[in-house]
Amino acid sequence: MSRSKRGRPRPDGRAALPLWAALVVAAAGGLALDASFPSLGIWALAPVAVALSLASLIGRRVGGALLAGLAFGAAFWFPHIDWTARFLADQPLAWLPWVALAGLQTIFTGLGAVPMALAYRWFPTGRWARLVGLPALVAALWTARELATGSWPYGGFAWGRIGMSQSESPLAQVTSWIGVTGLTFLIVMFSAAVIEIVRTRAWRPSSLAPAAAVALVLLVVPQWQTAGAGALTVGAVQGDGPTAYFDHREPYSVLQAQLDASQPLRGEQVDVVVWPEGGVEYDPLQDQTTALELSAAARAFDAPILMNAASVRDDLIYNTSMLWTADGADVAGGLQTHSKWHPVPFGEYVPDRAFYEGLVPDLIGLIGREYTPGTDAPTIDVGEAIIGLAICFDVIYDDIIREGAHRGAQLYVFQTNNADFRGTDENLQQLAFARMRAIETGRSVVNLSTVGTSQIVAPDGTTMSSLAVDQSGILIGDVELREGLTPGVVVGPWVQALLFWGGVLGLALVGVLHALRGRGGSSRRTPRRPAARRARRADDAARVRAMFR
């Protein structure tokens, strides 16, 4: 830390921490970020985790920043998604999907840390530039990393977004204005602004204003209020059947579990019955027994059944939700369906199957499913209301949630099958994402699992009713309907584009300015003798060590 002419400390190019300490701090940040998500759900640890990660990057060169980013990523991703090791049950290679996915996300996290470290090294040293511009740039770069890893490869994996950790916090209300991505940006900007206050020891009130302003926005801005539009009486049935990929099951045992759990609905008056993803094991469009059972049940309940099964169309297989009535597939106006937009790679299909079969043929051979991405609208009209849909992991993708809202969804139903991950944090993490969608869109959410946890969530994120894991049961309630679009839905794509390209172009700009400043300074220095220059560049080992400072 050097000093200005007035004696005020200011950042210099040196690392804030020695490399060994930076790796420890980064790993602590990764663990803290994992703890901010369910099941622990200590949401206040998210900004702390961000601050620890950023502190490990300050003053680092490319190699050191990469190592710090890898430490942070590994400490976060490996415990955060350890439930992926359960997908293949007791298969010998069951650990491989976990290590592969967590390892890939760790690498992306490490690579994404490098631009942030460069921002710290290159940014101008002016007071307001450091207190406002630098935190904004670092936050944009962090957000850009989230957007990139949530989109690529094979559709990405957006399971670790900072904003999604805040479903139980007062900060969640901001998503109704700027979306989940905007919430990530503000949290990171706040953490980065506090770091700059400490680094520059700028304790005067005016210097505290940028961080205070961001904190005020996060804590005070209320949720955008959508308009009430009545209520829909929903009966959501958690059958707790044998729905895991490797569960042993008798023919029609999953369907029977749902039918048995639904029996109490015969004495109720509901507008729609909801069953979870995978609640029917055979395609009713191909299997007559399944079709007859569903039609009889819809007749007994005097309500359509929003169910889900794998379906075949034009020799392609889809993960499909259907609104099944007593008239079955011959219902007037045609059967309403929605097929999952984002099938899970290596779970519901294998991308580049021939390539991966060459690497791990025994493992890839276990995954027999080949679901095709759906293209139909994520909405169902039940007469009394329009229901927006997102099947299982589709809940993490912004595009399908926004599309449902733009198509008039008055509530959301998220059908999911968590049986492959029994006894893990997966279902609680996914439930938290569903709650964030309720707050972001100002809509009620029915989040229904085959095995739990299932909940009906109000538009403000409040839990209205719940079913615990590993039990069958029914959630019956008058679910509030809402109309109107929140700003988070309307401007969300623009916020994402602005932050992504703002981060990329902002870093490019400060890099150019840094290079120009360095060139100007070098032109004023006395040229070194050739022998001295050669001697200074001779020690390759020293240069490598310097790169990892």
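These numbers were taken from a predicted model, which means no experiment stands behind them.

Q: Please explain helix H7 (residues 205-220) as it appears in this structure.
A: Side chains of residues three or four places apart in an α-helix project in the same direction, reflecting 3.6 residues per turn. The largest bend in H7 is about 35°, located at Ala211. Taken together, the buried positions of H7 are occupied by Ser207, Pro210, Ala211, Val214, Ala215 and Leu218. Against helix H5 (127-149) and helix H6 (175-200) lie the buried residues of H7.

Q: Any chance you could explain the sheet that holds strand S10 (residues 411-416) here in plain terms?
A: What links the strands of a sheet is backbone hydrogen bonding, and the strands pair in either a parallel or an antiparallel sense. Read across the open sheet, the six strands follow the order S8-S9-S10-S11-S12-S13; overall the sheet is mixed. Each having just a single partner strand, strand S8 (379-381) and strand S13 (463-467) make up the two edges of the open sheet. Across the sheet, the mean angle separating the axes of adjacent strands is 20° when strand polarity is ignored. Sheet topology note: the S10/strand S11 (residues 444-449) ladder contains six bridges and is parallel. Counted as the bridge partner of Val413 is Val446 from S11. Where helix H12 (residues 398-406) meets the sheet, it contacts S8, strand S9 (386-391) and S10, and its direction lies at approximately 145° from that of S10.

Q: I tried to follow the packing of H6 against H7 on my own but got confused; where do I start?
A: When two helices pack together, you describe them by how their axes are tilted relative to each other and by the distance separating the axes. Two elements in contact, H6 and H7, have axes whose closest approach is 9 Å; the angle formed by their N-to-C orientations is 155°. One element, H6, and the other, H7, form an angle in the roughly antiparallel class. Helix-helix and strand crossings are classified by hand; for H6 and H7 the assignment is left-handed. Residues Leu183, Leu186, Ile187, Met189, Phe190, Ala193, Val194 and Ile197 of H6 form the contact with H7, whose own contacting residues are Ser207, Leu208, Ala211, Val214, Ala215, Val217 and Leu218. In the contact of H6 with H7, the residues fall into 14 nonpolar, one polar and no charged.

Q: When you look at the packing of helix H1 (residues 19-36) against helix H2 (residues 45-57) in this model, what are you seeing that I'm missing?
A: Direction vectors running N to C along H1 and H2 enclose 160°, while the axes themselves pass 8 Å from each other. Compared by their axis directions, H1 and H2 come out roughly antiparallel. The handedness of the crossing between H1 and H2 comes out as left-handed. Here H1 contributes Ala22, Val25, Ala26, Ala28, Gly29, Ala32, Leu33, Ala35 and Ser36 to the contact with H2, which in turn contributes Leu45, Ala46, Ala49, Leu52 and Ser56. Of the residues in the contact of H1 with H2, the class split is 11 nonpolar, three polar and no charged.

Q: I would appreciate a short explanation of the nonpolar core in the present structure.
A: A general trend in soluble globular proteins is that nonpolar side chains are found buried together. If you look at the biggest cluster of nonpolar residues, it comprises 85 residues, and the most contacted ones within it are Leu33, Leu54, Trp142, Trp159, Leu218 and Phe414. With sequence-adjacent residues up to four places away left out, Leu33 is seen in contact with Ala46, Ala49, Phe72, Phe76 and Ile162.

Q: What's the story with the packing of aromatic side chains in this structure? I'm lost.
A: Remark: the centre distance and the inter-plane angle together describe each pair of aromatic rings, the angle taken between the planes. Overall, the coordinates contain 22 aromatic pairs when judged by the stated rule. The interplanar angle of 20° and the centroid separation of 5.8 Å between the aromatic rings of Phe87 and Tyr245 together place this pair among those described as stacked. Linking Phe87 in the loop between helix H3 (62-80) and helix H4 (95-122) with Tyr245 in the loop between strand S3 (227-238) and helix H8 (253-262), this pair joins segments that are 158 residues apart in sequence. For Phe87, a relative accessible area of 10% gives the class buried. These aromatic residues form a ring-pair network of at least three members: Phe37, Phe76, Trp77, Trp83, Phe87, Phe157, Trp159, Tyr245, Phe246, Phe393, Phe421 and Phe433. Looking at Arg145, its charged tip hangs above the ring of Trp142, at a distance of 4.6 Å from the centre. Over the aromatic face of Tyr318 sits the side chain of Arg313, whose NZ or CZ is 4.0 Å from the ring centroid.

Q: Is there a simple way to think about unusual backbone geometry in this case?
A: Negative phi values dominate among residues other than glycine, just as trans dominates among peptide bonds. The omega torsion of the bond from Pro38 to Ser39 falls at 15°, within 30 degrees of zero and hence cis. With respect to the helices and strands, Ser39 occurs in the loop between H1 and H2. In the segment running from Gly452 into Thr453, the intervening peptide bond is cis, with an omega of 0°. Residue position: Thr453 is located in the loop between S11 and strand S12 (454-457).

Q: I'm lost on the pattern of salt bridges in this one. Help?
A: Oppositely charged side chains may form a pair once their charged atoms are brought near each other. Scanning the model with the defined rule gives 13 salt bridges in all. Residue Glu168 is joined to Arg435 by a salt bridge in which the shortest nitrogen-to-oxygen separation is 3.3 Å. With Glu168 in the loop between H5 and H6 and Arg435 in helix H13 (residues 426-441), the pair connects residues that are 267 residues apart, well separated along the chain. Taking the shortest distance from any N to any O, the salt bridge between Glu370 and Arg353 comes out at 2.5 Å. Taken together, the positions of Glu370 in the loop between helix H11 (361-365) and S8 and Arg353 in helix H10 (residues 353-359) put the pair 17 residues apart, joining distant regions of the chain. Overlapping salt bridges, with partners in common, bring together Arg161, Asp398, Arg402, Arg437 and Glu440 in one network.

Q: Please clarify how the sheet that holds strand S5 (residues 305-313) should be interpreted in this entry.
A: If you trace the six strands from one edge of the open sheet to the other, you get S7-S6-S5-S4-S3-S14, paired in mixed fashion. This sheet does not close on itself; its edge strands, each paired only once, are strand S7 (337-339) and strand S14 (473-483). Averaged over all neighbouring strand pairs, the angle between strand axes comes to 40°, with direction disregarded. Here two bridges tie strand S4 (residues 272-274) to S5, and the two strands are oriented parallel to one another. Paired with Val274 across the strands is Leu306, a residue of S5. Packed onto the sheet, H8 meets S3 and S14 and runs at close to 120° relative to S3.

Q: What exactly am I supposed to notice about the side chain of Thr84 here?
A: Relative to the assigned elements, Thr84 resides in the loop between H3 and H4. There is a polar contact of 2.8 Å between the side chain of Thr84 and the backbone oxygen of Ile81. The residues touching Thr84, leaving out its near neighbours within four places in the chain, are Ala94, Pro97, Trp98, Leu101 and Phe421.

Q: How should I be thinking about the environment of Arg299 in this particular structure?
A: Locating Arg299 in the fold gives a position in helix H9 (residues 288-301). In this structure, the C-alpha to C-alpha distance between Arg299 and Arg266, residues 33 residues apart in sequence, is 9.6 Å. Of the polar contacts made by the side chain of Arg299, one reaches the backbone oxygen of Ala326; its length is 3.3 Å.

Q: Could you clarify how one ought to interpret empty space enclosed by the protein in this entry?
A: Empty space left among the atoms is revealed by rolling a probe the size of a water molecule over them. Evaluation of the coordinates by the stated rule reveals three cavities of 30 Å³ or more. Roughly 170 Å³ of volume is contained in the largest cavity. Considering the residues around the largest cavity, the lining is formed by 17 residues, among which Trp77, Thr109, Glu146, Thr149 and Gly160 are closest to the centre. The set of elements that each furnish at least two residues to the lining of the largest cavity consists of H3, H4 and H5. Among the elements that make up the lining of the largest cavity, the one with the highest residue count is H5 (four residues). Of the volumes computed, that of the second largest cavity is approximately 50 Å³. Every residue along the wall of the second largest cavity is listed here: Asn418, Phe421, Arg422, Gly423, Glu426, Asn427, Val451, Gly452, Val469 and Asp470. Considered class by class, the residues forming the lining of the second largest cavity number three nonpolar, four polar and three charged.

Conventions adopted
- Residues numbered from 1 in each chain as written.
- Predicted model: local features only at pLDDT ≥ 70, side-chain atom pairs only at ≥ 80, totals over all residues.
- Heavy atoms only, no water.
- Bend = angle between axes of the 7 residues up to and from the residue.
- Helix = DSSP H or I, 4+ residues; strand = E, 2+ residues; numbered from the N terminus.
- Buried < 20%, exposed > 50% of the residue type's maximum accessible area, 1.4 Å probe, protein only.
- Contact = heavy atoms within 4.5 Å.
- Pairing = 2+ DSSP bridges.
- Axes fitted to C-alpha atoms, helices over the stretch in contact; angles between N-to-C directions.
- Parallel < 35°, antiparallel > 145°, perpendicular 65-115°, else oblique.
- Left-handed = near helix turned anticlockwise from the far one by under 90°.
- Nonpolar A, V, L, I, M, F, W, Y, C, P; charged D, E, K, R; others polar.
- Core = buried A, V, L, I, M, F, W, Y, C linked by side-chain atoms within 4.5 Å.
- Phe/Tyr/Trp six-rings, centres within 6.5 Å; stacked < 30°, edge-to-face > 60°.
- Lys NZ or Arg CZ within 6 Å of the ring centre and 35° of its normal.
- Salt bridge = Lys/Arg side-chain N within 4 Å of Asp/Glu carboxyl O.
- Polar contact = N/O pair within 3.5 Å; in protein donor to acceptor, adjacent residues only side chain to side chain.
- 1 Å grid on protein atoms, 1.4 Å probe; cavity = no way out; pocket = protein on both sides within 12 Å on 5 of 7 lines; lining within 4 Å.
- Points joined across faces, edges and corners; volume = space filled by probe spheres on them.

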